[in-house]
Amino acid sequence: EKLYHQAHFDALTGLPNRLVLNDRLEQELGRSKWDGTQLAVLFIDLDRFKMVNDSLGHHIGDAMLVEVARRIRSVLRESDFVARLGGDEFIAVLTELDSALDATPAAQKILLGISEPFLLQGNLLHSTVRALASVSILTIATMHKTCSSTRISPCMPPRRRGATWCNSSPRQ
């Protein structure tokens with residue numbers, strides 16, 4: 001059981017790793033195809049995280065990553081899923097969506113949660129998040145058993161402590 005956990009979960013945050021993410025995405029894509037719902041895959045990357053590690057130490061950076069993971073999990077539904085890819089990169093998978101726009105409230109909550117200051121071992125940190133600059137809304141093309149996506153393009157407003165929100169637009 002310990003070996004299984006080490007192989008499938010991030011040791012620092014306790015989040016599922018890339019292996020579990022791939023497996024879960026495959027399951028969710030199959031379920032989406034079956035029930036006609038959509039998924040949203042949100043790529044979340046912390047800007048200037050290396051600076052936190054370099055200036056305050058890896059113990060503070062690690063504490064920040066644990067708190068980021070906690071904040072992301074806290075705003076997702078039970079059916080949603082978050083994994084840590086490594087470093088300062090996370091992926092949130094929003095399931096059972098009727099349309100691409102259904103991802104908007106959760107994405108906004110993630111951005112707002114991460115953009116709040118972090119109090120870590122006596123240090124008050126403000127993160128700037130480059131979240132959702134690379135977000136794709138996946139839909140299932142039932143005829144060809146492939147995925148097509150709607151692209152979410154980056155835009156500036158509204159801004160909050162350096163966080164950027166993106167609006168969806170159909171891919172051409």
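Owing to the predicted nature of the structure, the values given are computational and were not obtained by experimental measurement.

Parameters at a glance
- Residues numbered from 1 in each chain as written.
- Predicted model: local features only at pLDDT ≥ 70, side-chain atom pairs only at ≥ 80, totals over all residues.
- Heavy atoms only, no water.
- Helix = DSSP H or I, 4+ residues; strand = E, 2+ residues; numbered from the N terminus.
- Buried < 20%, exposed > 50% of the residue type's maximum accessible area, 1.4 Å probe, protein only.
- Areas by Shrake-Rupley, 256 points an atom, 1.4 Å probe, with all protein chains shown as cover.
- Salt bridge = Lys/Arg side-chain N within 4 Å of Asp/Glu carboxyl O.
- Pairing = 2+ DSSP bridges.
- Contact = heavy atoms within 4.5 Å.
- Arc of directions from axis to C-beta.
- pLDDT = per-residue confidence, 0-100.
- Phe/Tyr/Trp six-rings, centres within 6.5 Å; stacked < 30°, edge-to-face > 60°.
- Lys NZ or Arg CZ within 6 Å of the ring centre and 35° of its normal.
- Expected span 1.5 Å × (residues − 1).
- Core = buried A, V, L, I, M, F, W, Y, C linked by side-chain atoms within 4.5 Å.

1. Points about the overall build of the protein chain
- Within the protein chain, the regular secondary structure consists of five helices and nine strands.
- Counting helices and strands in the order they occur from the N terminus, the protein chain gives α-α-β-α-α-β-β-α-β-β-β-β-β-β.
- Residues classed as buried in the protein chain amount to 44% of the 172 residues present.
- On the protein chain, roughly 9600 Å² of surface is accessible, and the fraction owed to carbon and sulfur atoms is 55%.

2. Description of the pattern of salt bridges
- All told, the structure shown has eight salt bridges when counted by the stated rule.
- With a closest N to O distance of 2.5 Å, Glu28 and Arg31 form a salt bridge. Pair noted here: Glu28 and Arg31 are both in helix H2 (residues 18-35), with a separation of three residues, about one helical turn.
- On the basis of relative accessibility, which here comes to 7%, the residue Glu28 falls in the buried class.

3. Observations regarding the pairing of strand E1 (residues 38-47)
- Among the ten residues of E1, eight are classified as buried, and the element is accordingly described as predominantly covered.
- The sheet contact formed by E1 and strand E3 (residues 89-97) spans seven bridges and is antiparallel. Along E3, the bridge assignment pairs Gln38 with Leu97.

4. Overview of the side chain of Asp88
- Within the element layout of this structure, Asp88 appears in the loop between strand E2 (81-86) and E3.
- Asp88 sits in the buried class, given a relative accessible area of 16%.
- Residues in contact with Asp88, not counting those within four places in the same chain, are Ile44, Asp45, Leu46, Phe49 and Leu65.

5. Digging into helix H3 (residues 49-56)
- When H3 is considered as a whole, its buried residues turn out to be Phe49, Val52 and Asn53. Buried residues along H3 cover an arc of 95° about the axis, so they all sit on one side. Turned more than 90 degrees away from the buried face of H3 sit Lys50, Met51, Asp54 and Ser55, all of them exposed.
- Buried residues along H3 sit in contact with E1, helix H4 (58-75) and strand E5 (123-125).

6. Considerations on the confidence of the model for the protein chain
- Residues with a pLDDT of 70 or more make up 73% of the protein chain, whose mean pLDDT is 75.
- Least confident of the elements in the protein chain is strand E8 (residues 146-154), whose mean pLDDT is 35; most confident is H4, at 94.
- Per-residue pLDDT stays below 50 along residues 130-172; that stretch engages in 97 contacts with residues further than four places along the chain or on separate chains.

7. Concerning the packing of aromatic side chains
- Scanning the entire structure with this criterion turns up zero aromatic pairs.
- Above the ring of Phe118, the side-chain terminus of Arg71 is found at 3.8 Å from the ring centroid.

8. Observations concerning helix H5 (residues 104-115)
- For H5, which comprises twelve residues, the first-to-last C-alpha distance of 16 Å matches the rise-based estimate of 16 Å (1.5 Å per residue) to within 8%.
- Along H5, the residues that are buried comprise Ala106, Ala107, Ile110, Leu111, Ile114 and Ser115. Viewed end-on, H5 has its buried residues packed into an arc of 160°, placing them on one side of the element.

9. Overview of the nonpolar core
- Judged by nonpolar contacts, the single largest core of 27 residues is most densely connected at Met64, Val68, Ile72, Phe90, Leu94 and Ile110.
- Of all elements in the fold, only E1, H3, H4, E3, H5 and strand E4 (118-120) reach the threshold of two or more residues within this core.
- The dominant element in this core, judged by the number of residues it contributes, is H4, at six residues.
- For Ile72, the residues in contact, after removing those within four places along its chain, are Ile44, Val82, Phe90, Ile110 and Ile114.
- One finds Val20, Leu21, Ala83 and Ile91 within the second-largest nonpolar core, a separate group that totals nine residues.

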